[in-house]
Amino acid sequence: MRIRFTKMQGAGNDFVVLDETRARLGLSPAQYRFLADRHFGVGADQILTVRPAPSADVDFEYVIHNADGGEVEQCGNGARCFVRFVREQGLTAKEAVRVQTLSGVIEPRMDADGRVTVDMGAPIFELARVPFDAAGLTPEAAGSWQKWPLVLDARTNPAIVSVAVLSMGNPHAVQLVDDVDSAPVAAQGPLIERHPAFPKRVNAGFMQVLSRSHIRLRVYERGAGETLACGTGACAAVVAGIRLGLLDARVDVDTRGGRLTIEWAGGDSPVRMTGPAVTVFAGDIDIPDNP
Ligand SMILES: N[C@@H](CCC[C@H](N)C(=O)O)C(=O)O
């Protein structure tokens, strides 16, 4: 099968974007993995698919697959690319689009300066909804909140890391580090991602606080490995930092791929994320039936 694709990136988190507004492509998990493959396919951290609105109160449906082929609930950097894509393809002229995702409705909006701001909805702290299984774990009080001590792996790496746990529609475990450059992202990331306390796996964030309005962040993403930036990871880290008493309501987040700005007023208010969204190139690719 030959398909048309667009390659996009937001702060270096890169995407293959597919238009299914007219017809479903019906790709299998193996075919998503093929598209994401950096040697045999196009190469991407996630595959984003645009589908027609499933109900009258939204403009589109936004479907997200990780590089490992698994479908997931949310992708923040992808949401910014999504609004640029639907406008550039002539699918809408709206500056703000309401988008149905697996985890609810979000609203990305084009800013006057070319960046995109997304209303990502409110963070979720109920452990069962993250989901996080705290059985046998004792929380440590921190700020107005709590952190959870996790033994990474009793056999191969018995180190204990202390993580804040929350969902931005997708699950996140955020830990504080002194220096993101020397943080053990490659060693700990896969162990946190698959820690048994997270039944749906988790995105593992490593946050260095520079001031109350500025952090540095690396994220080992579920289903994709370390990426140059993770939008929901940036939202989760800032929300965690605010609840831990370390950050103010507006924070610049420096990732390896660029800067995102995150705002959260607390409580049930939505998290707002601002950052870049760039079209890199478009093309056609032959996808094998059984890659
Ligand atoms: N890169 C994304 C997050 C993509 C999904 C994530 N890996 C998960 O499995 O939840 C972002 O910008 O938020």
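The residue numbering used here restarts from 1 in each chain and proceeds along that chain's sequence as written. Whole-chain, interface and lining totals are the exception, using all residues; otherwise, since this is a predicted model, local features are given only for residues with pLDDT of at least 70 and side-chain atom pairs are given and counted only at 80 or more.

What's the story with the pairing of strand β13 (residues 203-211) in this structure? I'm lost.
It is a general feature of regular strands that their side chains alternate between the two faces of the sheet. Two strands make a pair as long as DSSP finds a minimum of two bridges between them. For the purposes of this entry, the term helix denotes a DSSP run of H or I that reaches at least four residues, the term strand denotes a run of E that reaches at least two, and both are numbered from the N terminus. Across 5 bridges, the pairing between strand β12 (residues 171-176) and β13 is parallel. Residue Val-174 lies in a different strand from β13, and its bridge partner there is Gly-205. What joins β12 to β13 is helix α3 (residues 185-193), and the crossover it makes is right-handed. Where β13 lies against strand β14 (residues 214-221), 7 bridges are found, and the strand directions are antiparallel. Following the sheet pairing, Met-207 is matched in β14 by Leu-217. Linking β13 to β14, which pair antiparallel, is a turn of 2 residues. With its strands directed away from the observer, a crossover is right-handed exactly when the path from the first strand over the helix to the second travels clockwise.

Sorry, what's going on with the pairing of β14 here?
For every residue, the other C-beta atoms within 10 Å of its own C-beta are counted; 20 or more classify it as buried, 12 or fewer as exposed, and values in between as partly exposed. C-beta atoms are placed from the backbone. With 7 of 8 residues buried, β14 is to be regarded as a mostly interior element. Pairing of β14 with strand β16 (residues 250-255) involves 3 bridges; the strand directions are parallel. Within β16, the position partnered with His-214 by the bridge is Asp-252. Pairing analysis gives 3 bridges linking β14 to strand β15 (residues 225-227), with the strands arranged antiparallel. By the bridge assignment for β15, Tyr-220 is matched with Glu-226. Between β14 and β15, which pair antiparallel and follow one another directly, the connecting turn spans 3 residues, one of which, Gly-223, has a positive phi of 75°.

Sorry if this is basic, but what is going on with the UniProt feature "binding site: substrate" (unreviewed entry) in the protein here?
UniProt positions are given in the numbering used here, feature names are shortened, and annotations may be inferred rather than shown by experiment. In the numbering adopted here, UniProt assigns the feature "binding site: substrate" (unreviewed entry) to Asn-13, Gln-46, Asn-66, Gly-76, Asn-77, Asn-170, Asn-203, Glu-221, Arg-222, Gly-231 and Thr-232. Among the secondary structure elements, Glu-221 is positioned in strand β14. This entry defines residue contacts through backbone-placed C-beta atoms, with two residues in contact when those atoms are within 7 Å. In contact with Glu-221, not counting residues within four places along its chain, are Asp-45, Asn-203, Thr-227 and Cys-230. Here Arg-222 is to be found in the loop between β14 and β15. Judged by local crowding, Arg-222 falls into the buried class, with 24 C-beta atoms found within 10 Å. Ignoring any residue separated from it by four or fewer positions in sequence, one finds Arg-222 in contact with Asn-66, Glu-193, Arg-201, Val-202 and Asn-203.

Quick question: what am I supposed to make of the environment of Glu-20 here?
When you line up the elements, Glu-20 lands in the loop between β2 (13-19) and α1 (29-36). Sequence-wise, Glu-20 and Arg-51 are 31 residues apart; in three dimensions their C-alpha atoms are separated by 5.0 Å. Excluding anything up to four places from it in sequence, Glu-20 contacts Leu-25, Thr-49, Val-50 and Arg-51.

Looking at this model, I keep getting lost on the site of the ligand. Mind explaining?
The rule is simple: place the C-beta atom from the backbone, and if it lies within 6 Å of a molecule or strand, the residue is near it. The local shell around the ligand holds 19 residues, among which Asn-77, Asn-170, Arg-222, Gly-231 and Thr-232 are the closest. Secondary-structure elements contributing two or more residues to the shell around the ligand are α2 (76-88) and α4 (231-243). Of the residues contributing to the shell around the ligand, the split by class is 4 nonpolar, 12 polar and 3 charged. Per the annotation, domain bounds derive from an automatic or database assignment of domains. Each of domain 1 (2-119 + 277-286) and domain 2 (127-269) contributes no fewer than three residues to the shell around the ligand. Any residue outside Ala, Val, Leu, Ile, Met, Phe, Trp, Tyr, Cys, Pro, Asp, Glu, Lys and Arg is labelled polar, Gly included; the first ten of those are nonpolar and the last four are charged.

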